[in-house]
Amino acid sequence: EKARQTAEQLGYTSETFKASNGWLEKFCNRHAISFRTINGESASVDNSTVEEWTQRLSTILDGFDENDVFNADETGLCYRATPDRSLVLSKEECKGGKKSKERLTVLPCSNLAGTEKLKPVVIGKSQRPRCFKNITTSKLPVTWLPNRTA
């Protein structure tokens, strides 16, 4: 896609310039390079538990309107993390270095219908980070909160 955009900027048309990733695939096959996970963890979910909760949840939510049921989920945003996948030779091992532990906690929330999305809550380390030097936190598109234990 980037190659097509660059070609258009240089004045080439779609008839005169054709871009594909075929050369990369052939190069990887020729030199036994594959795209692998550097390190990972596999976890499985019990399907019977999922089915049971799907039925239970629908009976619990029967008396409520879709606009009145909200869901919020907390997730970590590792903003300095390195990729966990890489192109490597097929016979070589994938070894990663030390991972950055710097992260923010993000809490998005929305109703079941998807018509109302609340402002995400972001929890960081400090009350006023240096990057917010000339910014009023109340004007951010998120609600910023400091971590009490930091």
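Please refer to the structure higher up on the page.
Rules used throughout
- Residues numbered from 1 in each chain as written.
- Predicted model: local features only at pLDDT ≥ 70, side-chain atom pairs only at ≥ 80, totals over all residues.
- Heavy atoms only, no water.
- Helix = DSSP H or I, 4+ residues; strand = E, 2+ residues; numbered from the N terminus.
- Buried < 20%, exposed > 50% of the residue type's maximum accessible area, 1.4 Å probe, protein only.
- Contact = heavy atoms within 4.5 Å.
- Areas by Shrake-Rupley, 256 points an atom, 1.4 Å probe, with all protein chains shown as cover.
- Salt bridge = Lys/Arg side-chain N within 4 Å of Asp/Glu carboxyl O.
- Core = buried A, V, L, I, M, F, W, Y, C linked by side-chain atoms within 4.5 Å.
- Pairing = 2+ DSSP bridges.

Asker: So what's going on with the overall build of the protein? Which residues, and what values?
Answerer: Secondary structure assignment for the protein yields three helices and seven strands. A buried classification covers 12% of the 150 residues belonging to the protein. Counting only contacts in the protein whose residues sit at least 6 apart along the sequence, the fraction spanning at least 24 positions is 59%. Entry remark: accessible area of the protein is about 13,100 Å², with carbon and sulfur atoms responsible for 52%.

Asker: So, unusual backbone geometry: which residues are in play, and what are the values?
Answerer: One non-glycine residue with positive phi stands out, namely A32, at about 55°. Examined against the element boundaries, A32 turns out to sit in the loop between α2 (22–30) and β1 (33–37).

Asker: Which residues make up the pattern of salt bridges, and what are the values?
Answerer: Counting across every chain of the model gives two salt bridges. Residues E102 and R80 are paired through a salt bridge, measuring 3.0 Å at the closest nitrogen-oxygen approach. With E102 in the loop between β4 (85–89) and β5 (104–111) and R80 in the loop between β3 (75–77) and β4, this pair connects stretches of sequence that are 22 residues apart. By relative accessible area, which is 32% here, E102 ends up partly exposed.

Asker: Hey, could you go over the environment of N111 for me, with residue numbers and the actual values?
Answerer: You can see N111 is positioned in strand β5. For the pair N111 and D68, spaced 43 residues apart in sequence, the C-alpha separation works out to 6.7 Å. Non-local contacts of N111, meaning those with residues more than four positions away in its chain, are made with E66, N67, V69, F70 and E116.

Asker: Let's hear about the nonpolar core: which residues, and what values?
Answerer: With six residues, the main nonpolar core is built from L104, V106, V122, F132, L140 and W144. Beyond its immediate stretch of four places on either side in the chain, L104 contacts T75, G76, L77, Y79, V122, I123, G124 and W144.

Asker: Mind laying out the pairing of strand β6 (residues 117–124), listing which residues take part and the relevant values?
Answerer: Pairing between β5 and β6: five bridges, direction antiparallel. Note on β6: the bridge partner recorded for C109 is L118. The loop that links β5 with its antiparallel partner β6 comprises five residues; one of these, G114, has a positive phi angle of about 80°. Bridge count for β6 against strand β7 (residues 143–146) is four bridges, and the pairing is parallel. Paired with G124 across the bridge in β7 is P146.

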